[in-house]
Amino acid sequence: MTGRRSNQLSYAPKSDGKYGNTCAVRRLRRRLQAVSGRPSVDVVLPFRGSDEQLERVAERLGALVVQLGDTVTIADNRPGASDSARDHVHILGAGELQTSYHARNRAVAQGRADWIVFLDADVLPPPDLLARYFDGTPGERVGVLAGAVVDEDVSAAGGATASANGNAGATAATAAARYAWLKSSMSQEVTLAHDGWSFAQTANAAVRRAAFVQVGGFEERVRSGGDADLCFRIRASGWELERRDGAAVVHHNRQTVPRMLAQRARHGAGAAWLAQRWPGALPRRRWPGLVLWGARRAAAGAMAAARGDRDAALLGLLDGPAVWAFEFGRLIPNRPRPRLSQLRRR
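Predicted, not measured: the structure shown is a model, and the values here were computed from it.

J.: Teacher, can you tell me more about the overall build of the chain here?
T.: Per the secondary structure count, the chain includes 12 helices and 11 strands. Considering the chain as a whole, with its 346 residues, one finds that 52% of them fall into the buried category. By sequence separation, contacts in the chain at least 24 residues apart represent 75% of the contacts at least 6 residues apart. Carbon and sulfur atoms provide 53% of the accessible area of the chain, an area that totals close to 15,700 Å².

In structure tokens:
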């Protein structure tokens, strides 16, 4: 089982997005090992952010234990990004089109490994993640391995939280972060539970290159939903999806309510696109019933706040806005926004 109280790693993200237990990271920094029994892997991570954030992401990926034949690539999706390297971590300029799926496709095309492990910039992988993925040989027709995504553990009081090995890290329990933890919002359990339409999120997933190439990779002119679409096409081509609960990463959630709601709206845009492309997948909710449900949840949250139950209050007061943001997001185009320079040329 994945989710908020399982598969906790031995360190957790801090409130500023940096990560604790740096001694363990240094001890387990990249070791070029002899080829083991597992297949070769290309690690791919799309990135958009500041130079400082890029350095932190490269440092985290540099702690992955790799072997001969593996590659680690950050696909820099910022306009004008150029190629560079941080030790064995290759940074690929992939800013021609501002979508994470374009960046992933560009990075995949650079590699040759049998498997591609996709990660997001806001997750913390354990150093031995690649070994965990292949702790058990995938079947010949397995095209996708769904790793676990564990929401960052935050305490209700915003104090220090103890990790699995006893180390403590201070994490600020903002309303948005606490809500995400309570809901296990990024858990693969959510997306794998869709009957007939289960999929692995590319925040942490491995895809067999043969399956990826067969279906043509990601649809790259969309902002959201490309991971589900890829999984649907791979499964429609006769490949299977298999879980890898032991290959878990920690996800650093949005820290403010507006950013959390914006993320939900973007996911809603992706859901609408998927529903059109794959009839029956991710159908929209009925709005009249949603209004009544939202009012009941808000009332429950207000009553919980009155009696001092912060967690129940957060769930009640934010459930409605989160779901409504998702549903209203269905009205937003699921395509990348044009750059300012493109608008000026029109």
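J.: Looking at this model, I keep getting lost on helix H10 (residues 287-306). Mind explaining?
T.: A turn of α-helix holds 3.6 residues, and therefore any two residues three or four places apart point the same way. For H10, with 20 residues, the first-to-last C-alpha span of 28 Å sits near the 28 Å given by 1.5 Å per residue. Listed as buried for H10 are Leu290, Gly294, Gly301 and Ala304. The arc that holds the buried residues of H10, viewed along the axis, is 85°, so those residues lie on one side. Turned more than 90 degrees away from the buried face of H10 sit Pro288, Arg296, Met303 and Ala306, all of them exposed. If you follow the buried residues of H10, they end up packed against helix H11 (310-329). Following H10 by one or two positions, glycine 308 adopts a phi angle in the positive range, close to 85°.

J.: I keep staring at unusual backbone geometry and nothing clicks. Help me out?
T.: Keep in mind that most residues, glycine aside, have a negative phi and that most peptide bonds are trans. Even without glycine at this site, aspartate 87 takes up a positive phi of about 60°. Tracing the backbone through its elements, the reader meets aspartate 87 in the loop between strand S3 (84-86) and strand S4 (89-93). Although it is not a glycine, leucine 282 sits at a positive phi angle of roughly 50°. Topologically, leucine 282 is positioned in the loop between helix H9 (257-277) and H10.

Cut-offs applied
- Residues numbered from 1 in each chain as written.
- Predicted model: local features only at pLDDT ≥ 70, side-chain atom pairs only at ≥ 80, totals over all residues.
- Heavy atoms only, no water.
- Helix = DSSP H or I, 4+ residues; strand = E, 2+ residues; numbered from the N terminus.
- Buried < 20%, exposed > 50% of the residue type's maximum accessible area, 1.4 Å probe, protein only.
- Contact = heavy atoms within 4.5 Å.
- Areas by Shrake-Rupley, 256 points an atom, 1.4 Å probe, with all protein chains shown as cover.
- Expected span 1.5 Å × (residues − 1).
- Arc of directions from axis to C-beta.

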